[in-house]
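Residue-level listing of the chains:
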Amino acid sequence: MISLPGLCLATGRLAEAATILRSFARFERDGLIPNNFPDDPAREPAYHTVDASLWFVQAVAAHEAATGDPSLRSELLPTLRSIVDHHVAGTRFGIGLDPSDGL
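It should be emphasised that the depicted structure is a prediction, and the values quoted were computed from it without experimental measurement.

Trainee: How should the nonpolar core be read in this particular structure?
Mentor: The nonpolar side chains of a soluble globular protein tend to be buried with one another. Counting 17 residues, the largest nonpolar core has Leu4, Leu21, Phe56, Val60 and Leu76 as its most contacted members. Those elements giving two or more residues to this core turn out to be helix 1 (4-9), helix 2 (14-26), helix 3 (52-67) and helix 4 (71-89). Residues in contact with Val60, not counting those within four places in the same chain, are Leu21, Arg73, Leu76 and Leu80.

Trainee: What is the right way to look at the packing of helix 2 against helix 4 in this model?
Mentor: The description of two helices packed together rests on the angle between their axes and the distance between the axes. As a packed pair, helix 2 and helix 4 sit with axes 10 Å apart at the nearest point and diverge in direction by 15°. Considering their axes alone, helix 2 and helix 4 lie roughly parallel with respect to each other. You can see that helix 2 and helix 4 cross each other, and the crossing is left-handed. Contacts between helix 2 and helix 4 involve Ala18, Leu21, Arg22 and Ala25 from the former and Leu72, Glu75, Leu76 and Thr79 from the latter. Split into classes, the residues belonging to the contact of helix 2 with helix 4 amount to five nonpolar, one polar and two charged.

Trainee: Mind showing me how you'd approach unusual backbone geometry here?
Mentor: The phi angle of most residues is negative, glycine excepted, and most peptide bonds adopt the trans form. For Asp30, which is not glycine, the phi torsion reads 55° and is therefore positive. Following the sequence through the fold, Asp30 ends up in the loop between helix 2 and helix 3. Judged by relative accessible area, Asp30 falls into the partly exposed class, the value being 42%. Residues other than glycine seldom take positive phi values, yet Phe93 does so here, at roughly 65°. With respect to the helices and strands, Phe93 occurs in the segment after helix 4.

Trainee: What should I look at first to understand a nonpolar patch on the surface in this one?
Mentor: Taken together, the side chains of Val84, Val88 and Leu97 make up a nonpolar region of the molecular surface, amounting to roughly 250 Å² of accessible area. Tracing the backbone through its elements, the reader meets Val88 in helix 4. On the basis of relative accessible area, Val88 is assigned to the exposed category, the value being 54%.

Trainee: Explanation requested: the packing of aromatic side chains in the structure shown.
Mentor: The way to describe two aromatic rings as a pair is by their centre distance and the angle between their planes. On inspection of all chains with the given rule, the structure shows two aromatic pairs. Consider the rings of Phe27 and Phe37, whose centres lie 5.0 Å apart with planes at 75°: the pair is edge-to-face. One end of the pair, Phe27, is in the loop between helix 2 and helix 3; the other, Phe37, is in the loop between helix 2 and helix 3, and 10 residues separate them in sequence. The class of Phe27 is partly exposed, set by a relative accessible area of 29%.

Trainee: Quick question: what am I supposed to make of helix 3 here?
Mentor: In an α-helix, one turn spans 3.6 residues, which is why side chains three or four residues apart end up on the same side. For helix 3, built from 16 residues, the straight-helix expectation of 22 Å at 1.5 Å per residue is met to within 8% by its first-to-last C-alpha distance of 22 Å. Those residues of helix 3 not exposed but buried are Ala52, Ser53, Phe56, Ala59, Val60 and His63. When helix 3 is viewed along its axis, its buried side chains cluster within an angular range of 105° and face the same direction. Those residues of helix 3 that are buried are in contact with helix 1, helix 2 and helix 4. Phi for Gly68, located one or two positions after helix 3, is positive at around 70°.

About the cut-offs
- Residues numbered from 1 in each chain as written.
- Predicted model: local features only at pLDDT ≥ 70, side-chain atom pairs only at ≥ 80, totals over all residues.
- Heavy atoms only, no water.
- Core = buried A, V, L, I, M, F, W, Y, C linked by side-chain atoms within 4.5 Å.
- Buried < 20%, exposed > 50% of the residue type's maximum accessible area, 1.4 Å probe, protein only.
- Helix = DSSP H or I, 4+ residues; strand = E, 2+ residues; numbered from the N terminus.
- Contact = heavy atoms within 4.5 Å.
- Axes fitted to C-alpha atoms, helices over the stretch in contact; angles between N-to-C directions.
- Parallel < 35°, antiparallel > 145°, perpendicular 65-115°, else oblique.
- Left-handed = near helix turned anticlockwise from the far one by under 90°.
- Nonpolar A, V, L, I, M, F, W, Y, C, P; charged D, E, K, R; others polar.
- Patch = residues over 30% accessible without salt bridge, like charges linked within 9 Å, V, L, I, M, F, W, Y side chains within 5 Å.
- Areas by Shrake-Rupley, 256 points an atom, 1.4 Å probe, with all protein chains shown as cover.
- Salt bridge = Lys/Arg side-chain N within 4 Å of Asp/Glu carboxyl O.
- Phe/Tyr/Trp six-rings, centres within 6.5 Å; stacked < 30°, edge-to-face > 60°.
- Expected span 1.5 Å × (residues − 1).
- Arc of directions from axis to C-beta.

Okay, structure coming up:
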């Protein structure tokens, strides 16, 4: 998600960026986006990173900024809401909003 704007959006690969975002959205679980996928497809992706979900939100915003089209954001809105709601409530691995400063 960190590299998506530079690798896809800046190079005009807008459709590829949308495909990547849709693909990752399908794997959102409890507000978390996976940070890696195992080589063995029978194994579950890893969901133990603090920032992958937040970078996903940023990448969706970057896609909209690059295209001027809000339709992908609208399509992914349930995933985006799940990420925010779960981070406010707290996710697995102690990942969540710090009530003292909102970060």
